[in-house]
Amino acid sequence: MLRQLRRPNLAVGGGIVVLLIIIAVFAPLIAPHDPIHDANLMYAGEPPSTAFWLGTDDQGRDIFSRIVYGARIALTVGLLVEMMNAAIGIALGLSAGYFGGWWDEFVQGLTNVMLAVPTIVFALALMAVMGPGIPSLLVALGLTDWAYSCRISRAQVLSMKSSPFIQAARTMGYGPGHIMLRELLPNIAGPLIVVATMGVGSAIMAEASLSFLGLGVVPPAPSWGSMLAGAREQLIVAPWIAVFPGLAIFVTVLGFNLLGDGLRDLLDPQGRSRR
Amino acid sequence: MTDTATRQDGPGPVLRLQDLHVHYEVRTGQGFGQVPLKAVDGVDLQIRPGECLGLVGESGCGKSSLAQAVMGLVPATSGVIELDGRTDWDRSAATRLARARTVQMVFQDPFSSLNPRQSIATSLGGPLRLHGVTNRSERADRVAEMLRKVGLNPDAARRYPHEFSGGQRQRICIARALIVDPKLVVCDEPVSALDVSIRAQIINLLLQLKDELGVALLMISHDLGVVEHMSDRIAVMYLGRIVEEGAWNAIFSDPAHPYTRTLISAIPDPERADIGHERLRGEAPSALAPPPGCAFHPRCTQAFAPCREGAVPAFTRLAEDHRARCHLLTKDTESR
Amino acid sequence: MSGTEKMTERTEDVLRIENLQIALRSEHGDDPAIEALNLSIGRGEVVGLVGESGCGKSLTALAVAGLLRDPMHVTGGRILLGGEDIAHLPNRSMRSLRGNRIAMIFQEPMTALNPLMTIGDQIGEMFVLHRGMSAGAARKAAIAALDQVQVPSAARRIREYPHQLSGGMRQRVMIAIALACDPELLIADEPTTALDVTIQAEILDLILDLCRERHTAVLMISHDLGLVARICRRVAVMYAGHLIEEQAAGQIFATPQHPYTRGLVGALPRLGRRLVEGQQPLTEIPGVVPAIGDFGTGCRFAPRCPSAMARCREAVPRTTQLPQGGRIRCFLHD
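Residues numbered from 1 in each chain as written. Chains lettered and ligands numbered in written order. Predicted model: local features only at pLDDT ≥ 70, side-chain atom pairs only at ≥ 80, totals over all residues.

### Topic: the overall build of chain B
To keep things clear, this is the line we draw: In this text, helices come from DSSP runs of H or I with a minimum length of four residues, and strands from runs of E with a minimum of two, each type numbered from the N-terminal end. The burial criterion counts other C-beta atoms lying within 10 Å of a residue's C-beta, which is placed from the backbone; the residue is buried at 20 or more, exposed at 12 or fewer, and partly exposed between these limits. Contact between residues is assigned whenever the C-beta positions, reconstructed from backbone atoms, fall within 7 Å.
Counting its regular elements, chain B contains 11 helices and 11 strands. With 336 residues in all, chain B has 52% of them scored as buried. A separation threshold of at least 6 residues defines the contact pool for chain B, and within that pool the share at least 24 residues apart is 65%.

### Structural notes on the overall build of chain C
How we decide: It is over C-alpha atoms that the radius of gyration is taken, and the globule rule equals 2.2 Å times the number of residues to the power 0.38.
A tally of regular secondary structure across chain C gives 13 helices and 12 strands. Radius of gyration (C-alpha) of chain C: 21 Å, near the 20 Å computed for a compact globule of 334 residues. A principal-axis box enclosing the C-alpha atoms of chain C has dimensions of 65 × 50 × 45 Å. Taking the intrachain contacts of chain C between residues at least 6 apart in sequence as the baseline, contacts between residues at least 24 apart amount to 63%.

### Some points on the interface of chain A and chain B
Our working definition: Asp, Glu, Lys and Arg are counted as charged, while Ala, Val, Leu, Ile, Met, Phe, Trp, Tyr, Cys and Pro are counted as nonpolar; the rest, among them Gly, fall into the polar class.
At the junction of the two partners, chain A supplies 16 residues and chain B supplies 21 residues. Top contributing element to the side of chain A that touches chain B by residue count: helix 9 (residues 164-171) of chain A, with 6 residues. Of the residues assigned to the side of chain A that touches chain B, the class counts are 6 nonpolar, 6 polar and 4 charged.

### Notes on the sheet that holds strand 12 (residues 327-329) of chain C
All names here are of chain C. Definition in use: Paired strands, in this sense, are two strands between which DSSP finds at least two bridges. To get an axis, fit a line to the C-alpha atoms, keeping to the stretch in contact for a helix; angles then go from 0 to 180 degrees between the N-to-C directions.
Taken in spatial order, the 8 strands line up as 6-7-8-3-9-10-12-11 in an open sheet, and their pairing is mixed. The open sheet has two edge strands, strand 6 (102-105) and strand 11 (319-321), and neither has a second partner. Each strand of the sheet is rotated relative to its neighbour by a mean of 20 degrees, with strand direction disregarded. In this sheet, strand 8 (residues 217-222) lies alongside strand 3 (residues 46-50) in parallel orientation, the contact comprising 5 bridges. Along strand 8, the bridge assignment pairs Val47 with Leu219. Packing of helix 8 (residues 167-179) onto the sheet brings it into contact with strand 6 and strand 7 (185-189), and relative to strand 6 it is tilted by some 175 degrees.

### Some points on the packing of helix 8 (residues 147-160) of chain A against helix 10 (residues 176-212) of chain A
Residues and elements named next belong to chain A. Filter applied, for reference: The hand of a helix crossing depends on one turn: near helix anticlockwise from the far one by less than a right angle means left-handed, and clockwise means right-handed.
Look at helix 8 against helix 10: their axes get within 10 Å of each other, and the N-to-C directions meet at 150 degrees. Crossing angle aside, the handedness with which helix 8 passes helix 10 is right-handed. Seen from helix 8, the contacting residues are Tyr148, Ser149, Ile152, Ser153, Gln156, Val157 and Met160; seen from helix 10, they are Leu184, Asn187, Ile188, Pro191, Leu192, Val195 and Ala196. For the contact of helix 8 with helix 10, a count of residues per class yields 10 nonpolar, 4 polar and no charged.

### Considering the domain arrangement of chain C
Residues and elements named next belong to chain C. To keep things clear, this is the line we draw: Domain delimitation in this document rests on an assignment produced automatically or drawn from a domain database.
Partitioning chain C into structural domains gives domain 1 (2-101 + 181-333) and domain 2 (112-180). One C-alpha centre belongs to domain 1, the other to domain 2, and the line joining them spans 30 Å. Residue-level contacts link 14 residues of domain 1 with 15 residues of domain 2. A per-class count over the side of domain 1 that touches domain 2 returns 11 nonpolar, 2 polar and 1 charged.

### Considerations on the pairing of strand 4 (residues 72-81) of chain C
Residues and elements named next belong to chain C. Where strand 1 (residues 15-26) meets strand 4, 8 bridges bridge the pair, whose relative direction is antiparallel. Each residue of the ladder has a partner; that of Ile22, found in strand 4, is Val74. In the sheet, strand 4 pairs with strand 5 (residues 84-85) via 2 bridges, with the strands oriented antiparallel. Note that in strand 5 the partner of Leu80 across the bridge is Asp85.

### A closer look at helix 4 (residues 136-149) of chain B
All names here are of chain B. Basically, it comes down to this: Residue count minus one, scaled by 1.5 Å, sets the expected span of a helix. As used here, the arc is the angular range of directions from the helix axis to the C-beta atoms.
Its 14 residues place the ends of helix 4 20 Å apart at the C-alpha level, agreeing with the 20 Å of an ideal helix rising 1.5 Å per residue. Along helix 4, the positions that sit buried rather than exposed are Val143, Met146 and Leu147. All buried residues of helix 4 lie within an arc of 100 degrees about the axis, which places them on one face of the element. The exposed residues of helix 4 that point more than 90 degrees off its buried face are Ser137, Glu138 and Glu145. Where helix 4 terminates, the next one or two residues include Gly151, which has phi positive at roughly 85 degrees.

### Considering the sheet that holds strand 5 (residues 103-106) of chain B
Residues and elements named next belong to chain B. An order of 5-6-7-3-8-9-11-10 is seen for the 8 strands of this open sheet, with the pairing classed as mixed. One side of each edge strand has no neighbouring strand; the edge strands of this open sheet are strand 5 and strand 10 (315-319). Within the sheet, the average angular offset between the axes of one strand and its neighbour, ignoring direction, is 20 degrees. Both strand 3 (residues 52-56) and strand 7 (residues 216-221) contribute to a ladder of 5 bridges, which runs parallel. Residue pairing across strands places Cys52 opposite Leu217, the latter belonging to strand 7. Strands strand 5 and strand 6 (184-188) of the sheet are contacted by helix 5 (residues 166-178), whose axis makes an angle of about 175 degrees with strand 5.

### A few points about unusual backbone geometry
Of all residues except glycine, most have a negative phi; of all peptide bonds, most are trans. Residue and element names in this part refer to chain C. Between Asp70 and the following residue, Pro71, the backbone shows a cis peptide bond with an omega angle of 5 degrees. Tracing the sequence through the fold places Pro71 in the loop between helix 2 (57-64) and strand 4. Despite not being glycine, Ser153 has its phi angle at roughly 40 degrees, a positive value. Its place among the elements puts Ser153 in the loop between helix 6 (135-148) and helix 7 (154-157). By the C-beta count within 10 Å, which is 10 here, Ser153 ends up exposed. The phi dihedral of Ala240 is positive, around 45 degrees, even though this residue is not glycine.

### Regarding the confidence of the model for chain C
Residue and element names in this part refer to chain C. Worth spelling out the cut-off: For every residue, the predictor reports its confidence as pLDDT, a number between 0 and 100.
Chain-level statistics for chain C give a pLDDT mean of 87 and a share of 97% at 70 or above. Overall, residues 1-10 carries pLDDT values under 50, and its contacts beyond four positions in sequence, including any with other chains, amount to 11 contacts. Across the whole predicted complex the pTM is 0.86, and at the interface the ipTM reaches 0.86.

### Focus: the interface of chain C and chain B
On the chain B side, the residues contacting the 36 residues of chain C number 34 residues. Elements represented by at least two residues in the side of chain C that touches chain B include exactly helix 9 (197-214), helix 10 (225-231), helix 11 (249-254), helix 12 (259-267) and helix 13 (273-277) of chain C. Among the elements that line the side of chain C that touches chain B, the one with the most residues is helix 9 of chain C, at 6 residues. Per-class residue counts for the side of chain C that touches chain B are 18 nonpolar, 11 polar and 7 charged.

### Comments concerning helix 6 of chain C
Residues and elements named next belong to chain C. Taking 1.5 Å per residue as the helical rise, helix 6 with its 14 residues ought to reach 20 Å, and the 20 Å between its terminal C-alpha atoms agrees with that figure. Within the sequence span of helix 6, burial applies to Ala138, Ala142, Ile143, Ala145 and Leu146. Along helix 6, the residues classed as buried sweep out an arc of 165 degrees about the axis, all on the same side. Gln150, located one to two residues past helix 6, shows a positive phi value of around 60 degrees.

### Things to note about the nonpolar core
Here is the rule we go by: Nonpolar core, as used here: buried Ala, Val, Leu, Ile, Met, Phe, Trp, Tyr and Cys residues forming one set through C-beta atoms within 7 Å.
Core analysis: the biggest nonpolar cluster contains 282 residues, and Leu218 of chain B together with Leu219 and Met220 of chain C have the highest contact counts within it. Residue assignment places this core across two domains, with domain 1 (2-101 + 181-333) and domain 2 (112-180) of chain C each supplying three or more. Apart from the residues lying within four places of it in its own chain, the contact partners of Leu219 of chain C are Leu15, Ile41, Val47, Leu49, Ala61, Leu185 and Ile187 of chain C.

### Section: the environment of Gly44 of chain C
Residue and element names in this part refer to chain C. Assignment of secondary structure puts Gly44 in the loop between strand 2 (29-41) and strand 3. Spatially, the C-alpha atoms of Gly44 and Cys211 are 6.9 Å apart, while their sequence positions differ by 167 residues. Not counting chain neighbours up to four residues away, the residues in contact with Gly44 comprise Arg212, His215, Thr216 and Ala217.

### Considerations on the pairing of strand 2 of chain C
Residue and element names in this part refer to chain C. Alignment of strand 1 against strand 2, held across 9 bridges, turns out to be antiparallel. Bridge assignment links Leu20 to a residue of strand 2, and that residue is Leu37. Adjacent in sequence and paired antiparallel, strand 1 and strand 2 are bridged by 2 residues.

Structure representation (structure tokens):
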């Protein structure tokens, strides 16, 4: 177990993600100010100081506190969105790989369409129809970024469905549901966990992008993306308003990607040797 | 679950194949069309209760396709698969379960035949629950009993496949096949992936279980030594067809088909140097383009005109329970 | 076969392995994998090396070919090829030996052949590399070599790629590559295990015929005692890194001496036995081959041996000569 911690990707990525979760859970204890209601124009645009560690924004709100609370939004949106994506992708990929035939062709076609059009464009279109806000954000992102999970689960199922233990399950009389969920899924979970972990990172990125465009989280709520958007005009005079939320997004997405990479190193060699 | 006591082991065979065809559509490298690969091309075969039938042949002769069709893992193109008197095999769940209680399978590679994520208790107990044993402690008891029967400690139930050696895993696979009390177990090269010293253990175990439980075996192997040792009857398969079939001692002491003879003489055994010289020249033709006439004629040293131009040779009855498909056999009877 | 024990022939040995030690590097030092291995092969001689997986037969072959890779490494002893110790040669010198003076044939020809090169180029490469031939001359030599391994219409076949050939044909190509430069020693590691019985006999005949013509020494590695005993002159049996018995091929099957060899012979379902003896259970060797690092202190076969005595568990038996010729590592004969 100790040796796993020597893998730098896993340790750094895991560390960042754990820290984020702690920050999100204990946000009220960590943040020195209220992220929304402590607006005080007297302190608008203050640079970083001992009172406001990362400075204040144009309405005088403490940027550090807003970033801390922003972690809650980022993580909630990221995890929920990725759970939806993973569920859709795995369900489609598993069934397409296992059944084959017209269903497989259909799912593959759908996947190719999803991959051909950038996710953010799909999400933009959906958000435009449903209007901004966290619920529509979840729907828009959760329905659009499942193509990778789908492809990977399909490929894994294809390579595994003719192995003897699957044939044994079939000759035992098990039905397709049991075989997909109990026999195949646990054995392809490794690569799917990797994809899902990285997916959380890109979901957070997508949330920030949509919020930046004003289509995601509605302004007073402290989303990192909308914080960035609000900082556009002061970029020259008060760069900290933009830099710190940007840094938060960067570190978070990097953390999930490193964690995914580390998990891949951890899970894949095992998967290959287990034959 | 069928109880052993209520089982009706009447005179009917556990398996009867009638004119079984298994064809696959294969995309060839050239052109766009698909070519039928006739893996199994008209096979009639019977296995009686408690009997061990050995099925031998080179790789690509269709013996594994035959096994898969019997198991329902690949669809039969045409023909009848009668298992324990039943021939209607639709895709319903009830049919699936009934088939599973009639016929089970042991695979070649014990390392990939067990789900690596399932404990042995789940691998063996799950099927019991599927087949209606709802009581948890009864399941545990039956798993333990079956593990003992295959020569393993019942503690094995708590462990996972990777904790076992190849031979032990094959014992577990045999236990899994037998736990639903089938009438026939299809063994597809069950020992060829194992070390020599382990093979003997598994062969002895299979024979012992066959006697003890009265289960019939379809023993598929390319190893004539194994087949001779285990089988009551033997069928020799070549390019999708059975070319000779008979009691084990008839096949080995009086092989009628030239292919059977070359198979027997190809076995390396230093103490049988006298018959080690009947060699096959050339390799088995592809089942995509089987030769006309007798499919064996390009490799046969005794082939004559009818083998090359005539029809596929029909079975000639040589003795009670011994028959072979070879034009030479009818030539002999005609000239006599 | 009696001559194999004469000291006079020893000087002509093509390969002579003396007291070879191979170990597995691990976190807590070296775990011995092969210990005190002695084996020699004379010119034109075919010697079988038999054992189950994990006995060290393939490790021995890899060591001779200089292909051992970390964490396996030679920790002692000598490997003499024509009198010259090659156990510790640098990689570059080993590369010029391989294919030239030592050749290998593996179990699965598909993985040993380059899928992107025509077989003609792969055979010709040997002539260019080791004989300094021009491309044109190498092509002619490749056709001749394919002819020799009885590949029909060789001139056309040299333009084909490995995937276009059947398993038996690929193994013939491997043999052509291996014998291209007239090696002194051919190591055949399970050369026919992946093939059908009918093809197997043909390929073995081919290897033996060609090597007899060229007086090539052959180290035939196999798990199949029956096969090895039929084609080899001497057979050595390995178990858990020890060479435990060596006898003339004719004798080892008829009168195996070591309990392990006896077990192997008895465990084999042999053609014709049932006709004579009826369906007797096969001899079982209980247990499994120990893993490297779990060899224990005594004779490595002792835990599975039906005739193990107290001393078998305490010390490793030394190798002694058998009265009928050959040698054995067993306390029953010491």
